[in-house]
2 protein chains.
Amino acid sequence: MMNPITSEPLDRGLFPLDDWGLVESRFEPELQGRMESLFTVGNGYLGMRGNLDEGRDGVTYGTFINGFHETWPIRHPEEAFGFARVGQTIVNVVDAKVIRLYVDDQPFVLSEVEVLHHTRRLDFRDGVLIREAVWRTPTGKVITVRTRRMIPLTERHLAVVEYEVESDADASLLISSQLVNRQDGVDEEGTARSLDDESFDPRKAETLENRVLQPKLKVRDGGRILLGYRTTNSELGLVCGVDHRIETENDWDEAHQLEDDIAKQIYRVRAKAGQPVRIVKTVAYHTSDDVSIRELRDRCNRTLDRIGRLRLDELYEAQHAWLEEFWRCSDVEIEGQPGIQQAVRWNLFQVAQATARTDGEGIAAKGVSGDGYGGHYFWDAEIYVLPFLTYTLPQVARNALRFRQKMLEPARHRAAELNQRGALFPWRTINGLESSAYYAAGTAQYHIDADITYALMQYVRATGDLDFLARGAIDILVETARLWADLGFWRSNGSPRFHIHGVTGPDEYTTVVNDNLYTNVMARANLRAAAQAVSALEDRDPEAYDRMRQRLDLDPDELVDWVAAADAMHIPYDERLGIHPQDAQFLDKELWDLENTPDLKRPLLMHYHPLVIYRFQVLKQADVVLASFLHGQDFTQQQKRNNFEYYDALTTGDSSLSAVVQSIIAAEVGYQTLASHYFLSALYVDLADLHGNTADGIHVASTGGVWSALAMGFGGMRDHGGDITFDPRLPADWRSLTFRVTLHGTRVRVRLTADTIRFEVEHGDKAELAVRGEYVEVTAGNPVSVALDDQGPVLHGTPSTRDLLGGRRADGSVITASIPTISNGDRNEAD
Amino acid sequence: MMNPITSEPLDRGLFPLDDWGLVESRFEPELQGRMESLFTVGNGYLGMRGNLDEGRDGVTYGTFINGFHETWPIRHPEEAFGFARVGQTIVNVVDAKVIRLYVDDQPFVLSEVEVLHHTRRLDFRDGVLIREAVWRTPTGKVITVRTRRMIPLTERHLAVVEYEVESDADASLLISSQLVNRQDGVDEEGTARSLDDESFDPRKAETLENRVLQPKLKVRDGGRILLGYRTTNSELGLVCGVDHRIETENDWDEAHQLEDDIAKQIYRVRAKAGQPVRIVKTVAYHTSDDVSIRELRDRCNRTLDRIGRLRLDELYEAQHAWLEEFWRCSDVEIEGQPGIQQAVRWNLFQVAQATARTDGEGIAAKGVSGDGYGGHYFWDAEIYVLPFLTYTLPQVARNALRFRQKMLEPARHRAAELNQRGALFPWRTINGLESSAYYAAGTAQYHIDADITYALMQYVRATGDLDFLARGAIDILVETARLWADLGFWRSNGSPRFHIHGVTGPDEYTTVVNDNLYTNVMARANLRAAAQAVSALEDRDPEAYDRMRQRLDLDPDELVDWVAAADAMHIPYDERLGIHPQDAQFLDKELWDLENTPDLKRPLLMHYHPLVIYRFQVLKQADVVLASFLHGQDFTQQQKRNNFEYYDALTTGDSSLSAVVQSIIAAEVGYQTLASHYFLSALYVDLADLHGNTADGIHVASTGGVWSALAMGFGGMRDHGGDITFDPRLPADWRSLTFRVTLHGTRVRVRLTADTIRFEVEHGDKAELAVRGEYVEVTAGNPVSVALDDQGPVLHGTPSTRDLLGGRRADGSVITASIPTISNGDRNEAD
C-alpha cells in the first residue's frame, strides 16, 4: 500500500490560505526548484517557470514551447529490429524573463542581500504572477522591487513582464533586461553539464549533448530586440522578440548588447528617493517547422506591433475575462475546507495553463512547466486530463483529440514496424514518432490506442459532436480496432476466446504479459465503439461513410471480426479469490512485502532492478482498479471491492497517477476515509512535492485527475454507455461539494450535501441525468434536488498485504511474501 | 524448423579436399570477409585474421588479444536501476602483419594486378598459414610471392611472418614492413566510420567512437621497432615489438619511418632475375592492466631477444610437436567422408586456436578471430566448448574454469545489484562486470550460473580433480547455489513447490518468463552439486572445508535449503501433450507458422520487433531439447522424443548454437537423417558461412559443439552422474567414427562401426565405461569390442508445425498459427 497522506501537508506559514491564489510568504532557497514549477505561468503553448526575475538562485531556468523539440539518434547499446531510433526532447528556449538589477553597482541577488520582505502570489482569477521584494543595501538604502509576469490565455505567442524598482534614497540603478540562450548543455556560467553524473532518474529529460539552438538572427531596433534560432537536428525555427518601455520621472539613459546567445537592453537610472522606475517588457515567441526565420521574425514584429498599440490594462482585463469564463465552467467549490479549496483551484488552474492554447499540439506530461519526461505526450492526457476538459471545456478537449488525429499517419507507420495492421500510437512522443527506447514499459503499452478511443468516445457522448467523427476522427476508431483485431489471436478450448499477449498495462511494475485485464477490457470497448461508430455513420451520413470506406479501404467484414473479437475477449478472472488477476500470470508471482519495505527503498524503481520488481506482485499503479473505474459497468460491486482490496494492498503509488484512481474506487466501494486520504495525496502531489520531483515540472495528469476525483470519486459521476449517472460519496467532513458539467452544450451545476444532490442549469436548456438509478431531467430555471439516504457503503481500515497471505486464498494455497533484502544502493554507487 | 542443409555445401573447386588443411585455390574478392576468419591464425591469446599481407582487398584488418578491451559508458536512452553501465569492447590492436610490396614502384594489390596463381593453405598439423601468389607486372615481369604466417601455440606472445619475393626479371623491389594502428573509429584511409549507419546487426561489436589507443611509446633500434599504447578508458597497456631480418643475395638498402600510429621498416632491393628476397618478421605482443609501458617494452625486448637466438625451424618444429600431441588427444576420424573429415579437423583446429593459451582469460564467442559480439565471453564457452576440452585437453578446461573462479567477486557484486544473495555471473563480459545492456536477453539469463557449475562438475567427474574444488573452485558452487535458493520462492498448493520466475532461458526468442524448464533443471542440478560437493569436502578434507566455511560464511543449514529447493523444484510438464513446456506460459502462445515464413524474413531477429517474436511459440534454439541432452537422466525416452518433435518444428535455428543440440537429440531419439543434416549445419557454420556473419569471426561455440555432436550425438556418449555411457548412432553412410576421450588421465580411443564399438587405451592404465547399460572395463593393451545390434531407433521425416495444429493436442484445444504478415522492412528503412 502507498501510505497516503492523512492530513493537509502544507506549511501554512509559508503558504498562507488564499481562496484564489497561491502565495509564497518568504524566500526559501532550498525550495526554489519546487517553487519554480508551482509559480509557472503558461498558456499551453508557452510556459515560463517561476524563476526569480534576476535569473539567480534558481534550479532550472526554464522557458518552454509546447512541441518545440530537438531530435537525437538513440544509440541502443544492443539494437533490435524496430526499436525506436529517434529521441525527442523539449528544448529550453531562449529566456526572455531575465531582468537584472544593480544598485550602486551591486547586484540584486536574493540569497546575498538583506531581505526585509519577499512574497510572490499567483492569482488564479487574474492569471498573473506578482512578486514584491524589499531589501536593504549595505549602505542602508531600502529598495522595493515589484514585478508582474503574465502569459495571456487569450493570446498564443505573448508574455508580459513588468519590473518596478524604487529606492528610499537616491541611488544609481542599472536595470539590465536580457534575452539569454542557456541551451546546449552549458549552464549560465558556461560550465558543461556533467553527462557522467552517477545519479539517474528515468523521469527526467534526456540531456542533450550538443548545441541545440543554432543562432540565425539577431536584430535590435530601438527598444526592440529579436533573436532567432533553428534547432540542429529537428530543424525547427524560433524567433523571440522583445519590446521595452521605461516609465519613470528619473533621469536615465540606455545601452545595448547584442550577441548570438545574449541580448541586453540596459537602463541606467539616476533614481531619486521614492521615485519609481518601471520597465515593461513585451515578449513574443513564434515557432514553426516549415517557414523561414525571416517569416518568424515578421510574425514576431507583427505581434509586438499589435500589442504595442494596446494599453497594458486591456491585456490584463482580457486575461481576467478569460479566467472568469474558465471558472464559470470549471470551478469546484468545497465548503468549510479552505485549504483544500485553494489547492483544488491551484490544480484546475494548472490544467488551464497546460492546455488553453495547445491548439493543435498535445498536452505534455509536464505541460509547459518543465522538461520532465522530455516534454513528451503520454496516455495520461487522455485518461486523466481529458475528462475535465470534455465536461467543462469541450472545445479544448476537441483540440487535444485533433492532435491525435493529426498523428494517425505516424501511428500507422509504427504499427507496421511492429508487424501489425492499423495504427499504434506511440507511447511517448512529441512529433508523432515513438520515442520510447525501453519497449517493455513503452511500446508494449498498446493500451494507449484504447485510451485515446476511450477519451474520444467520452467526448462524443458528452458533446454529441458526431460531426467530429464524421470529419475524420472516426479513422482513429477504425485503425485502432484493426490493431486490436490483428494483435490478438484466437485460442479454442471448447469455446473460442480472443487473447492479447505480450503487452504492458498501465502498471509499469509488471511488463510484457498475457491478457492484461486493463488492456483487454479497454480493447474490447475500443472494438465495439469502432463497429458501432462505423454503423452509425453509415446510417446517418452515407456520403461521409463512403468517403471513409474508400479512405481506409475498409471491408464491412472487418466489423464482424471486431465484434466477434470483442464478444470473445478473454477477461481473466479468479473464481476462488473473486478478483480479476492483473494478467494471466499475475497471481502466480511472489508477493512483495510492502508493509515491511522501508521508505528509503521507495520508489522501488529507484532502488531495484526492473527484473526484480517484475518478479513480484507489486504495483506502481493498480490498473485493474483503473479499469473498474473507466468501465465500471463491466464489474459487479463485489468484484470492484474485491479488486480494490486485493490490489490496494500491493500498490506502491510510485506513480503519481495512482492516488486519483485509488481515491475514486475507494469512495465507490466504501473506504471513505481512505478515499479522502488518497485524494489529499493527489491534490498535493506538487504543492507538497510528494514525489520529490516537482522541480522537474507539474504533474499535469494529476492536476486533471483531481477534478475526476472530485466529480467522479466524491460526486460519483459516471458516463458508462452515455447516460450520466451519479452515486455520490461526500466526505464526512465536507459541508458541500459543488462542480459543473457541460453536457451537449448545457452547463449543469451539481451541488452535493450530506442529504441532497442538486442540479441546476447554469447555461443552456436542459440535461438528462440519473441518480442511483432514478432518472432526472433538469431544465433552465428549474433546479432539481434529489434526496440522499446515505453516501454509499462505509468500510473501515485499509486493505493489507497480510490479508492476502491468510484467509483470502480460498484454495488454501500459500505464496511466500518477501522483500529483496540486500541493500545494494551503496555497492551500485561504488561502480 | 530450421531447414538444415542436407549435403556438403562447399565448392570444392574453391576449397579442394585436404585431410589436414584448409585450402583456398584462388582469390575471390567478395569472399574475403569470410576468408579472413577462416584463415585466422591464433593461440587463444593472440589472433591475426587471414588478411592478405599487403593489407589491401580486405574487409576487417584484425589483430586481437584476448581480453584486451576498451570500456565505455553505456548511455541508456531510458535508465533503470541496476542496468549495466560500462560497455566493454575488444580492441583491434596495432597490426604487425602488414608487408607491402612495390615492384618498379607499382604496388602489389591483388585485385589490381594480373594474377597468374594464388593459393593459401592453413595447415592443421604444422599450424601455419602459407600463401603463394604469382602475378605479372604491366611490363611482363612475373613475380612470385610466398609467405608464411604462424602464431605459436607453444608461445603466448609471439607471431612470425615470412615474406619471400622473386622476380623472373631484374626488378626494383620495395618491401615495406609495417606496424599500423588502424584504431579509433578511423579506417586506413583516414575516413571516420559512419556511426549513423542505418543497418544494424546486434551480433556485431559496438563501434567505439573515440580514440582508443593512446600512443605512449615509439622506438626504433636497427631492425627492431616497438610501439606502445594505453587504452583511453580501461587503461590497459600494450607494447608490440617487431624484429626484421632480410635474407637475399641481391643488393639492398633500408629506410625507416616511425610515427605514433605507423612504423615502417623499408627494404629497397635491386633484385636480379630469379634471385629471391626473404624478410623474416618476428612479432611480440605484451599487454597488462597493471604494469608500466616501460615494463611491457622490456618484456617485448626479452621475448624478441630470446626468439632471435633460435633458429626459425625450432619454432616450426615446436609448433608441429604441439599439434601432434593435440591431434593425438583430440582427433576424430571419419572413414569414407573426406569432406566431412577435413571440415571436422578445421573445426577442432579452431578450438585449439581459440583456447590453447587463454591461460587465465576466458574463451570469447569469436575466439581471437574477430570482434563479433564485442570479444565477450558467454555461457557457450561452458556448454559448447568445455566438453571437448574436458575430455581431450583437461588442462585447458581447467584454465577456462579458473577464469570464472577469478571473476567470482564481480559476480557477487552483480548479484547484490540484482538484490540477490550469492553470485550472478555476467551474461556477457570481458572484465567480469555485466556488459549486457539489454537485460531481457542478457542479465535475465540467470542460467549462466548453472551452466558454469555444469561445466565445472563435468570437468571434476571426468578428471577426478577434486583438488581443484578444494583449492577454491567450490566457492563457485556455493555462491551459485545461494543465488538459486534466493532467486526462487516457495508456492504451496497442497505440496510446496519451488519456483523460479522472471528469467530467460537460452532461447532468446522468449524472454523473462516463469519456470523456464531449462533453467529449473539446471538450477536443480546446481543446488544438488553444491550440497554434495560441500559434504564431500567436509568428509575428505576437513581443513579445506573449514577454510571454505569461514571464507564464505557458510551456514550448514544452507545445504538443507538447497536440497529442499532442488527436491521441490517445479518442472513444468504438460500431461496432455506429453511434453515439457519451455516455461509456464509457453503453450498458451500463438504458433508462428514457420513453414510458411519466407527465407528473406530470416533470421527473425533481423526482421521483427522482439515484442512480436516473444508473443509466439517460435524458438531461436530449443532449450528444452538442450536440457534433455545435458540432463538426459531427468527425462524418459518418450519425453525426449516428444520434446524434440514439438520444439524442432518451432525452432528457427537462428542461433548458431542450435544445430549441434538438435543433431545430438535427433540422433538419440531416432531421427537419424535429420541428425546428419543438423550435424552438417553445425559443421559448416563458418566454412560455408551459413549464418552470413563469419566475416565477424569464427563461431567458436559451434566449433566445439561439432565435437559434442560427434562424440555425444553419433558416439552416444553421456556422463550423467559420473558414469561414462555409450549408446551409439553411427550415420548410415559413415564406415566408422573414431574419437578419443581422456578419463582420469587415461586416454581411450573409441572406434564405432556399424556393428561394433571398440575401446582401446592409448595412454594410461584403465577406464570404466558402459555401453547400453553393460559395464565395460578397458585396460592398457587390452582393447574391448562390444557388439551392437543396431544404431538405435529409426524415425523418418521431419517434425512439422502442422503436426502441432492437428491431432497433437489431446485436449482438443486449437491455437491459431500465423506469421506477422506486414512486410515492414522497407518502411523501416524509410525512416
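For clarity, every value in this text was computed on a predicted model and none was experimentally measured.

Visitor: Help me understand the sheet that holds strand β28 (residues 756-763) of chain A, please; the structure alone is not making it clear to me.
Guide: Backbone hydrogen bonds hold the strands of a sheet together, and the pairing may be parallel or antiparallel. All names here are of chain A. Across the sheet, which stays open at both edges, the 5 strands sit in the order β19-β26-β27-β28-β31 with antiparallel pairing between neighbours. The two strands at the open ends of the sheet, each matched to only one other strand, are β19 (333-335) and β31 (784-787). The mean inter-strand angle of the sheet, taken between neighbouring strand axes irrespective of direction, is 20°. The pairing of strand β27 (residues 746-753) with β28 spans 6 bridges and is classified as antiparallel. Of the residues in β28, the one forming a bridge with Arg749 is Glu760.

Visitor: In this structure, what is going on with the sheet that holds strand β33 (residues 817-818) of chain A? I would like to understand it.
Guide: The strand order across the open sheet built from 3 strands is β23-β22-β33 (chain A), with neighbouring strands paired in parallel fashion. Bordering the open sheet on either side are β23 (616-617) and β33 of chain A, each of which pairs with just one other strand.

Visitor: Can you help me understand the packing of helix α5 (residues 380-392) of chain B against helix α8 (residues 447-463) of chain B in this one?
Guide: Helix-helix packing: each pair is described by the crossing angle between the helix axes and the interaxial distance. Residues and elements named next belong to chain B. Close contact between α5 and α8 brings their axes to 10 Å; oriented N to C, the two are set at 10°. Here α5 is positioned roughly parallel relative to α8, judged by the angle of their axes. Residues Glu382, Ile383, Leu386, Pro387, Thr390 and Tyr391 of α5 touch α8, and the partners they reach there are Asp451, Ile452, Tyr454, Ala455, Gln458, Tyr459 and Ala462. A breakdown of the residues in the contact of α5 with α8 according to their chemical character gives 9 nonpolar, 2 polar and 2 charged.

Visitor: Just checking my understanding: could you explain unusual backbone geometry for this structure?
Guide: Peptide bonds are trans in most cases, and residues, glycine excluded, mostly fall at negative phi. The step from Arg602(A) to Pro603(A) runs through a cis peptide bond, and the omega angle for that step is -10°. For Pro603(A), the location among the structural elements is in the loop between β22 (590-592) and α13 (610-614). Despite not being glycine, His744(A) has its phi angle at roughly 50°, a positive value. Phi is positive for Asp553(B), which is not a glycine, with a value near 55°. Along the chain, Asp553(B) turns up in the loop between α11 (542-552) and α12 (556-567). Residue classification places Asp553(B) among the exposed positions, given a relative accessible area of 64%.

Visitor: How should I be thinking about a negative patch on the surface in this particular structure?
Guide: Residues and elements named next belong to chain A. On the surface, Glu538, Asp539, Glu543 and Asp546 cluster together to form a negatively charged patch. Secondary-structure elements contributing two or more residues to the negative patch are α10 (517-540) and α11 (542-552). Tracing the chain through its elements places Asp539 in helix α10.

Each value, and the rule that gives it
- Residues numbered from 1 in each chain as written.
- Chains lettered and ligands numbered in written order.
- Predicted model: local features only at pLDDT ≥ 70, side-chain atom pairs only at ≥ 80, totals over all residues.
- Heavy atoms only, no water.
- Pairing = 2+ DSSP bridges.
- Helix = DSSP H or I, 4+ residues; strand = E, 2+ residues; numbered from the N terminus.
- Axes fitted to C-alpha atoms, helices over the stretch in contact; angles between N-to-C directions.
- Parallel < 35°, antiparallel > 145°, perpendicular 65-115°, else oblique.
- Contact = heavy atoms within 4.5 Å.
- Nonpolar A, V, L, I, M, F, W, Y, C, P; charged D, E, K, R; others polar.
- Buried < 20%, exposed > 50% of the residue type's maximum accessible area, 1.4 Å probe, protein only.
- Patch = residues over 30% accessible without salt bridge, like charges linked within 9 Å, V, L, I, M, F, W, Y side chains within 5 Å.
- Areas by Shrake-Rupley, 256 points an atom, 1.4 Å probe, with all protein chains shown as cover.
- Salt bridge = Lys/Arg side-chain N within 4 Å of Asp/Glu carboxyl O.
- Lys, Arg positive; Asp, Glu negative; His and termini not counted.
- Charge placed at Lys NZ, Arg CZ, Asp CG, Glu CD.

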